[in-house]
Amino acid sequence: MKAIKYFSVLLIPFANYISFTNYGWLTFLPVLFVFGFVPLLEFFIKPNKNNFTKEEEKTEKQNKLYTYLLYLILPIQIVFLIFFFNSIQNPVLETYEIIGRILGMGIMCGVLGINVGHELGHRNNRFDEFIGELLLLTSLNTHFLPYHNGGHHYNVATPKDAATARKNEWIFIFWIRSHFSSYTTAWSLENTRMKTANKTWFHHKNRMIVYTISTFFLISIIFFFYGKFIGISFILAAIVGILLLETVNYIEHYGLLRKQNENGRYERVKRNHSWNSDHQVGQVLLFNLSRHSDHHYNGAKHYQLLKSVPESPQMPTGYPGMMLLSLIPPIWFLVMNKKLKKLS
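Cut-offs used in this document
- Residues numbered from 1 in each chain as written.
- Predicted model: local features only at pLDDT ≥ 70, side-chain atom pairs only at ≥ 80, totals over all residues.
- Heavy atoms only, no water.
- UniProt positions renumbered as here; feature names shortened; annotations may be inferred.
- Helix = DSSP H or I, 4+ residues; strand = E, 2+ residues; numbered from the N terminus.
- Buried < 20%, exposed > 50% of the residue type's maximum accessible area, 1.4 Å probe, protein only.
- Phe/Tyr/Trp six-rings, centres within 6.5 Å; stacked < 30°, edge-to-face > 60°.
- Lys NZ or Arg CZ within 6 Å of the ring centre and 35° of its normal.
- Lys, Arg positive; Asp, Glu negative; His and termini not counted.
- Salt bridge = Lys/Arg side-chain N within 4 Å of Asp/Glu carboxyl O.
- Contact = heavy atoms within 4.5 Å.
- Expected span 1.5 Å × (residues − 1).

Per an unreviewed UniProt entry, the protein is named Alkane 1-monooxygenase, and its organism is Polaribacter aestuariivivens. The Subcellular location (unreviewed entry) comment attached to the protein in UniProt states, word for word, "Cell inner membrane".

1. Some words on unusual backbone geometry
For Asn-198, which is not a glycine, the phi torsion comes out positive at approximately 60°. Mapped onto the elements, Asn-198 comes out in the loop between helix H8 (171-196) and helix H9 (207-226). With a relative accessible area of 73%, Asn-198 lands in the exposed category. One non-glycine residue, Phe-287, adopts positive backbone phi at about 55°. As for its position among the elements, Phe-287 is in the loop between helix H11 (280-285) and helix H12 (292-297).

2. So, the UniProt feature "domain: Fatty acid desaturase" (unreviewed entry) in the protein
Within this numbering scheme, the UniProt entry marks residues 102-317 as carrying the feature "domain: Fatty acid desaturase" (unreviewed entry). Annotation note: span residues 102-317, helix share 59%, strand share 0%, distance between end C-alpha atoms 27 Å.

3. Re the packing of aromatic side chains
Tallying each qualifying case throughout the model produces 27 aromatic pairs. Relative to Phe-80, the ring of Phe-20 lies with its centre 6.3 Å away and its plane at 50°, an arrangement referred to as tilted. Remark: Phe-80 occurs in helix H4 (residues 65-88) and Phe-20 occurs in helix H1 (residues 11-21); sequence separation between them is 60 residues. The same class applies to Phe-20 and to Phe-80, which are both buried. Each ring, one from Phe-224 and one from Phe-225, has its centre 5.0 Å from the other, and the planes form 90°; the classification is edge-to-face. The same class applies to Phe-224 and to Phe-225, which are both exposed. Through a chain of ring-to-ring contacts, the aromatic side chains of Tyr-17, Phe-20, Phe-80, Phe-83, Phe-84, Phe-85, Tyr-226 and Phe-234 assemble into a single cluster. In this structure, Arg-101 packs its charged tip against the face of Tyr-23, placed 5.5 Å from the ring centre. One cation-aromatic arrangement involves Arg-271 over Tyr-297; the distance from NZ or CZ to the ring centre is 3.8 Å.

4. Describing the UniProt feature "transmembrane region" (unreviewed entry) in the protein
In this structure's numbering, the residues bearing the UniProt feature "transmembrane region" (unreviewed entry) are residues 23-45, 65-86, 98-117, 208-226 and 232-251. For residues 98-117, the helix share is 100%, the strand share is 0%, and the end-to-end C-alpha distance is 26 Å.

5. As for the side chain of Glu-97
Relative to the elements of secondary structure, Glu-97 occurs in helix H5 (residues 95-121). One buried charged residue, Glu-97, remains without a salt bridge, the closest side chain of opposite sign being Arg-101 at 6.6 Å. Setting aside residues up to four positions removed in sequence, Glu-97 forms contacts with Tyr-23, Gly-24, Thr-27 and Val-92.

6. Describing H8
Given a rise of 1.5 Å per residue, 26 residues ought to cover 38 Å, and the 36 Å separating the end C-alpha atoms of H8 matches this to within 8%. Those residues of H8 that fall on the buried side of the exposure criterion are Ile-171, Phe-174, Trp-175, Arg-177, Ser-178, His-179, Ser-182, Ala-186, Trp-187, Glu-190 and Met-194. Positive phi appears at Asn-198, one or two residues downstream of H8, with a value of about 60°.

7. Looking at the environment of Tyr-254
Here Tyr-254 is to be found in the loop between helix H10 (228-253) and H11. It is 8.6 Å that separates the C-alpha atoms of Tyr-254 and Glu-169, two residues lying 85 residues apart in sequence. Discounting chain neighbours no more than four positions away, the residues touching Tyr-254 are Ala-165, Arg-166, Lys-167, Asn-168, Glu-169, Trp-275, Trp-332, Phe-333, Met-336, Asn-337 and Leu-340.

See the structure below:
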C-alpha cells in the first residue's frame with residue numbers, strides 16, 4: 001500500500017485530459033494544479049521526515065509496483081503526445097487556449113518525461129535505461145543521461161558542474177548556461193568514452209550520435225505527418241519541460257559548494273551538498289526527487305528508498321513553490337542567501 005501514493009502523479013495526465021478537451025481557463029488546469037494548488041496545499045500539510053525501517057526498506061526494495069508505475073508512464077506519455085497533437089489543431093482554439101495546452105504538455109514532458117527518465121536512467125539494467133531514454137526522447141532532452149550520470153554526479157557542488165547554480169546567479173542566465181553547457185559536456189564525455197574504447201567518435205556506440213539521430217528523426221516524423229504548426233507546438237512544449245528541469249536543477253544545488261583541499265581535489269559528495277524538501281505533495285508527485293541529498297549520496301538507490309537526513313539543508317517549502325520563488329530573483333536571493341549564511 002505504501003506504493004499507491006505515487007500513483008497520484010496520474011493527476012497530471014488527468015488535468016491535461018481536461019485541458020485538451022475543454023476551452024477557456026480550463027486549458028490552464030495543469031499549470032494551476034502544479035503551480036497553484038500544490039504549493040498552496042503544502043502550506044497546510046506537515047513535511048514528512050519519516051524513513052523506512054530496515055525491515056520496511058528490504059520489503060519495499062523488492063516491491064515491483066514502484067517500478068511498474070515508472071513503466072506505465074511511457075505509454076501514458078506517448079498517448080498524451082498524440083492526444084496533444086490532435087487537440088491543438090482545433091481551429092476554434094484561441095491563442096491563449098493553445099498556450100494553455102502547450103504549457104500542460106510541457107509539464108508532462110518535465111514531470112513524466114524527464115523526471116521519470118532520470119530515475120530509470122540510474123537503474124543498473126539496460127531495459128530500464130532504455131525506457132528512460134524513450135521518455136527523455138519525448139521531451140527532446142536525450143543528452144541528459146550522459147551528462148547527468150557522467151558529469152553532474154561527479155562534479156556536483158563545484159564550479160565544474162553546469163547544473164550547480166552559483167550564489168547570486170539569476171535563474172534566467174542559469175537556464176542558458178546549464179542547458180547548453182551540459183549538452184556540450186555530454187558530447188565531450190561520450191567522445192572521451194569512445195576514445196578510451198579505441199573507437200572513433202562517429203560510432204554507433206556513441207550515445208550522443210544515436211540520441212541526435214533519434215531526436216531529428218522524431219521531429220521530422222512529427223513535421224511530416226502533422227505539419228509545421230504541430231511540430232513547432234511540440235518543440236515549444238519540450239522547451240517548457242526542459243526549463244522545468246533546469247529550474248529544478250537551479251533550486252537543488254543553489255550556492256552549495258564542496259570544500260577543496262590544497263591539492264585541488266574536492267571532498268566527496270555528502271548529504272549536505274543538495275537542498276532537500278520533505279513537503280509531501282511535491283515529494284510524491286516527483287517520485288521523491290526532493291530527497292535529493294540522499295540521491296546524490298547514492299545515485300543507484302531507487303526513489304522509494306530515499307531518506308530524509310538531518311544534515312541536509314532544507315528548503316522552506318516544496319519544489320513547486322520553490323520553483324515559483326526562483327523566478328523572482330531578488331526575493332529568492334533574500335530567502336536563500338540567508339540560509340546559505342547559516343550553513344557557512
